[in-house]
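Structure assessment
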There are 2 protein chains.
Amino acid sequence: MVDENASNYTARKYRTPDGAPADIVIFTITTEILNRATKSLPKRELKVLLIKRKLWPYEGMWALPGGFSNDQESMYETARRELEEETGVNAVHMEYFNVYSKPGRDPRGWIISHAFFALVHEDYLVERKASDDAADVGLFTVSELGSKGLELAFDHQEVIGDALEQIRSKMLLTSIAKEFLPDEFTLSELYQVVQTVVPDFEEANFIRKMKSTQSRSGVLEQVLDAKGEPKKSNEFSQRAAQLYRFTGVMPRLSLYS
Amino acid sequence: MVDENASNYTARKYRTPDGAPADIVIFTITTEILNRATKSLPKRELKVLLIKRKLWPYEGMWALPGGFSNDQESMYETARRELEEETGVNAVHMEYFNVYSKPGRDPRGWIISHAFFALVHEDYLVERKASDDAADVGLFTVSELGSKGLELAFDHQEVIGDALEQIRSKMLLTSIAKEFLPDEFTLSELYQVVQTVVPDFEEANFIRKMKSTQSRSGVLEQVLDAKGEPKKSNEFSQRAAQLYRFTGVMPRLSLYS
DNA sequence: TGAATAGTGTCTCTGAGACAATATGCA
DNA sequence: TGCATATTGTCTCAGAGACACTATTCA
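Predicted, not measured: the structure shown is a model, and the values here were computed from it.

1. Describing the layout of surface pockets
Counted as a void, the largest pocket has a volume near 2100 Å³. Looking at the largest pocket, it is lined by 46 residues, and the ones nearest its centre are Glu95, Gln166 and Lys170 of chain A together with Gln166 and Lys170 of chain B. For the lining of the largest pocket, the secondary-structure elements that each account for two or more residues are α1 (75-87), β5 (93-100) and α3 (156-173) of chain A together with β5 (93-100) and α3 (156-173) of chain B. At 9 residues, α3 of chain B tops the list of elements feeding residues into the lining of the largest pocket.

Structural data, given as C-alpha cells:
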C-alpha cells in the first residue's frame, strides 16, 4: 500500500496471500549413443529435472525447482531467475502455463504457485549435475513420475502432468521441437524427437511428407552447403541424410480449413 | 502459517503480496437482425463486457470485472464466483490464460492478477444490462478497445489483447465456436461466428469442406429429425439449410501430419 | 553380407481449389 | 422478378496412405 493517491483508500482487512512462488518444470531430452553393429540413431528419453528438498515441508522429497517472487519483479522474471540458478542458462525456451491455488496445497500457508515449463538442451544440465550437490538434483523419466511412480512434494505430480499435456500439444502445433535439436538436423532426428515427447505420434510417410514443400508451406527448409549443394550428414547413418532447419514460418492450423 | 507441523519453520520475513485477484474477460457475440429485402444472416459482433469503476483507483474508468480471491477458494473458484455475480450464469465456458504481475501495475500495492476469459451467449447478458445499475455495465466491440480506443483501468488493455489472441487461436483449434451458437446450427452460421472472432479467416468452399465427413473426421454431424430425415432450418434464408451439431470428436491437428 | 538408416516407385483414392450453375421461396 | 442464401457440377491437380523396393556405407 504505497501510492500517495491512496489517501482515501480503505485498506482491505482481509487476509492476504503468504507468498507467490514460481515453479518450473524443466524438460530435457537425453540422448544415449547405442553400440550397434552399424551407426544408428541414439536412444532418446524425455526427462524432468527435480531437486531434493532440504527443508520442511516435504523435507527429503523430490520437488520442482522454484522460489518465491518478490515485489520488484514479475512472475516471469522470478521464473527466469530460478531457472538460471538451477541450470546456469538463461536463453532457453520458457513459458507460463498455469496457476495452482487450491486451499491447503502448501502447509506453509496460503501460497499461490505459478507454474512454468522450460525446454533445455541436455548439455546445459550435464554441468549442473556435475556441480557440488549433485545428489540433490535428479533427472526422471516421465514414466517414473506417472501416477504410480515416485511421490512428489506438494501438488507437483499434478503440475508435471499438466506441463506434459502442454508440451505434447505444443510439440505438434508449434516448432518447439527445435529446442531439443541442433540448428541443422535430419528428418529422422526430428521424427524421433516428436515421438519422444508424443509417444503415440506415428506417421508412416513422415520423410516424404515433410519434403513435399508445397503442402508444408515451408515450415522446414533444406540446408545447403557453401557451394549451394544440399548439405548432408552421416552422423547417425551409413547413407548420408539431408539436413533441414526450421524457417520460422508457422502455418495457421485449423479445424475449419 | 497454519499447519501444526510448522513448528520448526522459520517464518519468511519478506514482504508478501497484498492481494491475488481474478479478472475476467467476458466475450459475447451480439446478433442483430437486418431488415433486408429477403431473409438474411444477422450482423454479428464480438464484444467484451466491462464495468465502470466506482472506487479509487481508476475511479470512473472502464475495467474488467473481477475481484480478490480468499484463502478458502482456488483462483478458478474466485473467477467463477465473480463471473456469476456479473452475469448471473455459471455454466458457461471459462478458462484461465495468464497472470499479470508487473511491479507497479496496481497502485494499491503488490497485486498479482489472474486473468480468465469466458464465452457467454448474449441472452445472458441482456438480463444483466437490464438490471439496476445498467449504466455501469458496457459491451464494447473489440475495435473500440484497440490501442487507439478507449483507455482502460490498470493493464486491462493488455489483458484483453492477450485474451483475444487466445480465443482466436482456440476458435480455430477447438470447438469453442459452439459457445456462441445454438445446439443445432447451419454451416453459414458457424462460418459467420468463426469469422466474427477471426476476421481474416476465409474459406471459399467452407460448406463443401465441412460436409465431406471423411476428412473432417467427424467434428460435425448432420442433425436428423424424428423420422430420420435430414433436419433443415430456414430461419436465415429462403432455401432451407441443413442443421449440424458438434459431435465432441476433436481431431489432433499437427504440423507434422 | 547383413545391419541400419535414407530414401524412391507406384498405385489408388480422396480432397483442395476455383468458379459456374442451379435451387429455394418470399417480398 | 429479383434477392439472398444454400447447394451441386465439373474440372484439375496435389497429396495421403500403403507397401514394396532400392541406395548407401561400414563392420
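2. Thoughts on the domain arrangement of chain A
Where the parts come together, the accessible area they lose is often given as the size of the interface. All names here are of chain A. Once the domains are mapped, chain A shows domain 1 (21-173) and domain 2 (176-246). Distance between the C-alpha centres of domain 1 and domain 2: 27 Å. In this assembly, 20 residues from domain 1 lie in contact with 19 residues from domain 2. Summing both sides of the interface, domain 1 and domain 2 together bury roughly 2000 Å²; the carbon and sulfur share of this comes to 69%. In this structure, the connection of domain 1 to domain 2 is made through 1 salt bridge. Among the salt bridges present, the one from Glu189 reaches Arg44, with a minimum N-O distance of 3.6 Å. Elements with a contribution of two residues or more to the side of domain 1 that touches domain 2: β1 (21-32), β2 (43-52) and α3. Considering each element in turn, the side of domain 1 that touches domain 2 owes the most residues, 5 residues, to α3.

3. Structural notes on the environment of Asp71 of chain A
Within the secondary structure layout, Asp71 of chain A lies in the loop between β4 (66-68) and α1. According to the relative accessible area criterion, Asp71 of chain A is partly exposed, its value standing at 23%. With sequence-adjacent residues up to four places away left out, Asp71 of chain A is seen in contact with Arg15, Pro103 and Trp110 of chain B.

4. A few points about the packing of α3 of chain B against helix α4 (residues 187-197) of chain B
All names here are of chain B. Between α3 and α4, whose axes approach to 9 Å, the crossing angle comes to 150°. One way to sum up the angle between α3 and α4 is to call them roughly antiparallel. Seen from above, α3 lies across α4 with left-handed handedness. The segment α3 lies against α4, with Ile167, Arg168, Met171 and Leu172 engaging Val193, Val194 and Val197. Residue composition of the contact of α3 with α4, grouped by class: 6 nonpolar, no polar and 1 charged.

How each quantity is defined
Residues numbered from 1 in each chain as written. Chains lettered and ligands numbered in written order. Predicted model: local features only at pLDDT ≥ 70, side-chain atom pairs only at ≥ 80, totals over all residues. Heavy atoms only, no water. 1 Å grid on protein atoms, 1.4 Å probe; cavity = no way out; pocket = protein on both sides within 12 Å on 5 of 7 lines; lining within 4 Å. Points joined across faces, edges and corners; volume = space filled by probe spheres on them. Helix = DSSP H or I, 4+ residues; strand = E, 2+ residues; numbered from the N terminus. Domains from an automatic or database assignment. Contact = heavy atoms within 4.5 Å. Buried area = accessible area lost by both parts, 1.4 Å probe. Salt bridge = Lys/Arg side-chain N within 4 Å of Asp/Glu carboxyl O. Buried < 20%, exposed > 50% of the residue type's maximum accessible area, 1.4 Å probe, protein only. Axes fitted to C-alpha atoms, helices over the stretch in contact; angles between N-to-C directions. Parallel < 35°, antiparallel > 145°, perpendicular 65-115°, else oblique. Left-handed = near helix turned anticlockwise from the far one by under 90°. Nonpolar A, V, L, I, M, F, W, Y, C, P; charged D, E, K, R; others polar.

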